[in-house]
Amino acid sequence: MPTTEQAAQRRLLTESTRYNTGRCLVLCLLSLAGTGAGLLLPLAIGRALDAVLAGNDATGWVLWCAALVGLMAALDAGEEVLSATTAARTTLWLRGRLVRHVLAVGPRATARFPAGDLVARLVGNAAQAGTAPAVLAGLFAAVAAPVGAVVALGLIDFWLAAVFLGGAPVLVLLLRAFTRASSDCVAQYQTIQGDIAGRLTEAIGGARTIAAAHTERKEAARVLAPLPELARQGVRMWHVQARSQAQAVALAPLLQIGVVAMACYLILQHRLSVGELLAAIRYAALATGVGVLVGQLGGLVRAKASAGRLAEVQEIPATRHGDARLPAGKGALELRGVTARRGGRTVLDGVDLTVPGGRTVAVVGRSGAGKSLLAALAGRLADPDQGTVLLDGVPLGNLTRAELRRHIGYAFERPALLGATIEDTIGFGEPRPTRDSVRRAADAACADGFVRSLPEGYATTCTAAPLSGGEAQRLGLARAFARGGRLMILDDALSSLDTVTEHRVAEALLRTGPSRTRLIVAHRAATAARADAVAWLEGGRIRAFDAHERLWQLPDYRGAFEQQEDGDGDGAEEGEGGE
Ligand SMILES: Nc1ncnc2c1ncn2[C@@H]1O[C@H](COP(=O)(O)OP(=O)(O)OP(=O)(O)O)[C@@H](O)[C@H]1O
């Protein structure tokens with residue numbers, strides 16, 4: 001993991017622990033109290049034994065033993081409950097924070113990570129990272145037990161602790177090796193899980209294509225292709241754990257035998273009682289009890305690896321907005337020297353384009369020419385790698401988020417129908433349009449008729465209204481109409497409409513008056529013909545900016561439409577990469 005992401009991982013872990021400071025403190029106190037009780041128990045047992053051997057009354061010590069056992073059980077239960085609730089609380093906090101961040105980043109988040117991988121991170125990895133504060137508190141207690149046991153050995157007799165400490169460095173090295181080796185395989189394991197989730201999400205989104213192509217088996221094999229590697233990493237993880245446990249198990253009895261041998265020697269020297277021998281044996285077992293420590297370290301390694309995967313998401317910078325507002329204007333749009341790269345290719349190469357306020361400009365070009373990218377840049381759904389986009393003379397990056405979204409409306413080829421009901425879908429966005437403007441917008445987008453024929457009209461839930469591509473597109477257009485704004489961008493948003501409906505919608509669009517600028521990505525010559533001017537995109541640049549009738553004289557220009565109209569309707573599949 002690069003250092004910046006390591007730093008982000010550490011920051012995330014620190015912040016999630018800080019978010020639970022109080023709970024972590026209580027957890028540490030509970031764990032410490034449990035450890036303390038566990039450390040006192042051998043002493044009480046030893047004293048009880050000494051009392052019995054000396055023929056004295058041992059009732060007091062036996063009661064102490066019982067009280068300590070009861071206390072340990074109660075503390076253990078409290079610790080369990082607090083650990084679980086702290087993990088749940090932290091997971092909620094992490095998920096909330098990450099979801100808000102991903103939505104603030106916008107489409108760039110899914111450009112960086114496949115959607116399924118992102119979901120796996122926000123669901124599975126967040127839950128695992130959420131255990132970090134409780135695991136850290138538990139680890140503190142897990143370390144406290146052996147440390148306390150060594151101190152107790154030292155209090156019984158210095159030489160008992162000295163024998164143990166002689167072998168302790170080997171134990172520490174073993175634990176360090178375990179942490180390092182397991183960190184690597186846990187990270188790889190989680191990456192492969194994310195890869196499978198990404199593939200599965202793609203396959204579910206493309207279910208129709210897979211069924212039509214009858215490639216179910218092939219697709220299942222593709223989704224599950226990383227499984228052998230996942231299994232390999234899983235087995236590697238178990239090997240690391242088993243090896244560490246085996247080494248620790250081999251070393252622990254040696255240390256215990258050393259302590260017992262020293263205790264026996266001290267008894268012969270009359271420096272130790274039989275009860276103290278018993279206590280020393282139990283303390284030696286506690287001091288070498290690395291099983292708990294290995295378990296806690298394993299939990300920490302998994303939580304850290306998960307936090308690392310969340311940090312990678314958190315590190316994608318969120319889109320920054322300025323504090324400027326737009327001056328009065330009609331939505332004049334200007335692209336100055338705009339360069340944009342995608343997939344290592346320069347798609348737009350120093351594009352200059354000026355759309356006067358109140359005009360309608362169609363963007364045409366062959367498939368893959370960069371029309372949608374230009375539309376995304378024009379409304380700041382993406383930022384250019386170089387150059388500036390201005391609306392009424394203000395760079396889009398300087399505008400507040402609210403100003404930007406209030407004044408720029410979008411309609412897409414495959415709109416996502418977000419919102420509970422059809423009315424919500426059309427009114428989706430902040431500030432929410434009034435009921436009347438939703439109805440008027442639906443009418444303008446030729447959606448009112450079919451919406452009214454739905455079982456509950458505008459109140460029909462989206463899930464109860466399966467829509468055709470053209471109907472969904474009309475709802476998307478209605479949403480753009482309802483929002484208004486001085487710049488309206490239609491990214492191929494008329495492509496699924498029949499020619500009569502397209503004509504009616506285009507008329508309504510142009511009727512919205514000279515106070516609004518319209519940028520329309522057009523695949524059909526008829527759509528381009530309705531615009532005031534056409535920006536013809538080719539080879540990453542504007543090849544021409546002129547009226548459609550004049551450009552129509554050029555065979556190359558006509559060729560761009562022939563290619564597109566031949567392929568009309570291709571790729572307009574439900575839920576497959578649509579917006
Ligand atoms: N996230 C991305 N990663 C890699 N390449 C991308 C990405 N987004 C777009 N591209 C590429 O950029 C180019 C322009 O894409 P864009 O969608 O803007 O084309 P278009 O002109 O709208 O095409 P069409 O008419 O077929 O819709 C394409 O070659 C596309 O593959």
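For the protein, an unreviewed UniProt entry supplies the name ABC transporter ATP-binding protein and the organism Streptomyces flavofungini. Turning to the protein, the UniProt annotation filed under Subcellular location (unreviewed entry) states: "Cell membrane".

Novice: Mind laying out the overall build of the protein, listing which residues take part and the relevant values?
Specialist: When helices and strands are tallied, the protein shows 22 helices and 10 strands. In terms of overall size, the protein is more extended than a compact globule, its C-alpha atoms giving a radius of gyration of 34 Å where 579 residues would be expected to give roughly 25 Å. When its C-alpha atoms are laid out on the principal axes, the protein stretches across 115 × 50 × 45 Å. Across the 579 residues of the protein, 39% fall into the buried class.

Novice: I'd like to hear about the site of the ligand, residue by residue, with values.
Specialist: Taken together, the residues surrounding the ligand are Ala111, Arg342, Gly343, Val347, Gly365, Ser367, Gly368, Ala369, Gly370, Lys371, Ser372 and Leu373. With three residues, the single largest contributor to the shell around the ligand is helix H13 (residues 371–378).

Novice: Tell me about the packing of helix H6 (residues 132–156) against helix H11 (residues 274–287), residues and numbers included.
Specialist: Put simply, H6 and H11 touch, their axes get as near as 8 Å, and they point 155° apart. On the basis of their axis angle, the class for H6 and H11 is roughly antiparallel. In this structure, H6 crosses over H11, and the sense of that crossing is left-handed. The segment H6 lies against H11, with Ala145, Pro146, Ala149, Val150, Ala152, Leu153 and Ile156 engaging Glu276, Ala279, Ala280, Tyr283, Ala284, Leu286 and Ala287.

Novice: Outline the confidence of the model for the protein, listing residues and values.
Specialist: In the predicted model, the protein carries a mean pLDDT of 87, and 96% of its residues have values of at least 70. Within the model, pLDDT remains below 50 along residues 567–579, and this stretch shows 20 contacts once partners closer than five positions in the same chain are excluded.

Novice: Explain the UniProt feature "transmembrane region" (unreviewed entry) in the protein to me, and be specific about the residues and the numbers.
Specialist: Cross-referencing UniProt, the feature "transmembrane region" (unreviewed entry) maps to residues 24–46, 58–75, 131–152, 158–178, 246–268 and 280–301 in the present numbering. Between the end C-alpha atoms of residues 24–46 the distance is 33 Å, and the span holds 100% helix and 0% strand. Taken as a whole, residues 158–178 contains 100% helix and 0% strand, while its terminal C-alpha atoms sit 30 Å from one another.

Novice: Pulling in residues and values, what's your account of the pairing of strand E7 (residues 487–491)?
Specialist: Sheet faces and side chains relate simply in a regular strand, where the side chains alternate between the two faces. For E7, a buried count of five out of five residues is recorded, marking the element as mostly surrounded by other parts of the structure. Covered by surrounding structure in E7 are Leu487, Ile489 and Asp491 together with Met488 and Leu490, the residues of both alternating faces. The pairing of strand E6 (residues 408–412) with E7 spans five bridges and is parallel. Bridge pairing in E7 places alanine 411 opposite leucine 490. Judged from the five bridges that link them, E7 and strand E8 (residues 517–521) form a sheet pairing that is parallel. Residue pairing in the sheet places aspartate 491 in a bridge with valine 521 of E8.

Novice: Just give me the short version of the packing of helix H2 (residues 21–53) against helix H3 (residues 59–105), but keep the residues and values in it.
Specialist: Viewed as axis vectors pointing N to C, H2 and H3 meet at an angle of 160°, and their least axial separation amounts to 8 Å. In terms of their interaxial angle, H2 and H3 are classed as roughly antiparallel. Judged by the twist between their axes, the crossing of H2 over H3 is left-handed. Residues of the contact of H2 with H3, tallied by class, amount to 20 nonpolar, six polar and four charged.

Novice: Quick rundown of the nonpolar core? Include the residues and the values.
Specialist: For soluble globular proteins, nonpolar side chains are generally found buried alongside one another. Ranked by internal contacts, the top residues of the largest apolar core, which has 74 residues, are Val363, Ala445 and Ala478. The greatest single-element share of this core, amounting to seven residues, is contributed by helix H18 (residues 469–483). Among all residues touching valine 363, those that are not within four sequence positions of it are Lys371, Leu374, Ala375, Leu519, Ile520, Val521, Ala522, Ala535 and Leu537. Counting residues in hydrophobic clusters, the runner-up holds 68 residues, among them Trp61, Ala145, Phe164 and Cys185.

Novice: Account for the sheet that holds strand E5 (residues 394–395), with residues named and values stated.
Specialist: In space, the four strands of this open sheet follow the order E2-E1-E4-E5, with antiparallel pairing throughout. This sheet does not close on itself; its edge strands, each paired only once, are strand E2 (345–355) and E5. Packing of H13 onto the sheet brings it into contact with strand E1 (333–342), E2 and strand E4 (386–391), and relative to E1 it is tilted by some 125°.

Novice: Run through the pairing of strand E9 (residues 533–538), naming residues and quoting values.
Specialist: Bridge count for strand E3 (residues 360–365) against E9 is five bridges, and the pairing is parallel. The partner of glycine 365 across the bridge, within E9, is leucine 537. Direction of pairing for E9 relative to strand E10 (residues 541–546): antiparallel, over a ladder of five bridges. Among the inter-strand pairings, alanine 535 is bridged to a residue of E10, identified as phenylalanine 545.

Novice: Give a description of unusual backbone geometry that names residues and reports values.
Specialist: One non-glycine residue, aspartate 392, lies in the positive phi region at around 50°. Structurally, the position occupied by aspartate 392 is in the loop between E4 and E5. What makes aspartate 392 partly exposed here is the crowd of 19 C-beta atoms within 10 Å. For aspartate 492, which is not glycine, the phi torsion reads 60° and is therefore positive. Positionally, aspartate 492 belongs in the loop between E7 and helix H19 (499–511).

Novice: Describe in detail the sheet that holds E6, supporting the description with residues and values.
Specialist: Taken in spatial order, the six strands of this open sheet run E6-E7-E8-E3-E9-E10, and their pairing is mixed. Sheet topology places E6 and E10 at the edges, where each strand pairs with a single neighbour. With strand direction ignored, the average angle separating the axes of adjacent strands in the sheet is 15°.

Novice: Which residues make up H2, and what are the values?
Specialist: Taking 1.5 Å per residue as the helical rise, H2 with its 33 residues ought to reach 48 Å, and the 48 Å between its terminal C-alpha atoms agrees with that figure. Two residues or fewer after H2 comes glycine 55, characterised by a positive phi angle close to 75°.

Novice: Lay out the environment of alanine 535 in plain terms, naming residues and giving numbers.
Specialist: If you trace the backbone, alanine 535 turns up in strand E9. Assessed through the 25 C-beta atoms surrounding it within 10 Å, alanine 535 is described here as buried. For the pair alanine 535 and valine 361, spaced 174 residues apart in sequence, the C-alpha separation works out to 6.8 Å. Residues within four places of alanine 535 in sequence aside, it is in contact with Leu353, Val361, Val363, Ile542 and Phe545.

Quick notes on the rules
- Residues numbered from 1 in each chain as written.
- Predicted model: local features only at pLDDT ≥ 70, side-chain atom pairs only at ≥ 80, totals over all residues.
- UniProt positions renumbered as here; feature names shortened; annotations may be inferred.
- Helix = DSSP H or I, 4+ residues; strand = E, 2+ residues; numbered from the N terminus.
- Rg over C-alpha atoms; globule rule 2.2 N^0.38 Å.
- Buried ≥ 20, exposed ≤ 12 C-beta atoms within 10 Å, placed from the backbone.
- Near = placed C-beta within 6 Å.
- Axes fitted to C-alpha atoms, helices over the stretch in contact; angles between N-to-C directions.
- Parallel < 35°, antiparallel > 145°, perpendicular 65-115°, else oblique.
- Left-handed = near helix turned anticlockwise from the far one by under 90°.
- Contact = placed C-beta atoms within 7 Å.
- pLDDT = per-residue confidence, 0-100.
- Pairing = 2+ DSSP bridges.
- Nonpolar A, V, L, I, M, F, W, Y, C, P; charged D, E, K, R; others polar.
- Core = buried A, V, L, I, M, F, W, Y, C linked by C-beta atoms within 7 Å.
- Expected span 1.5 Å × (residues − 1).

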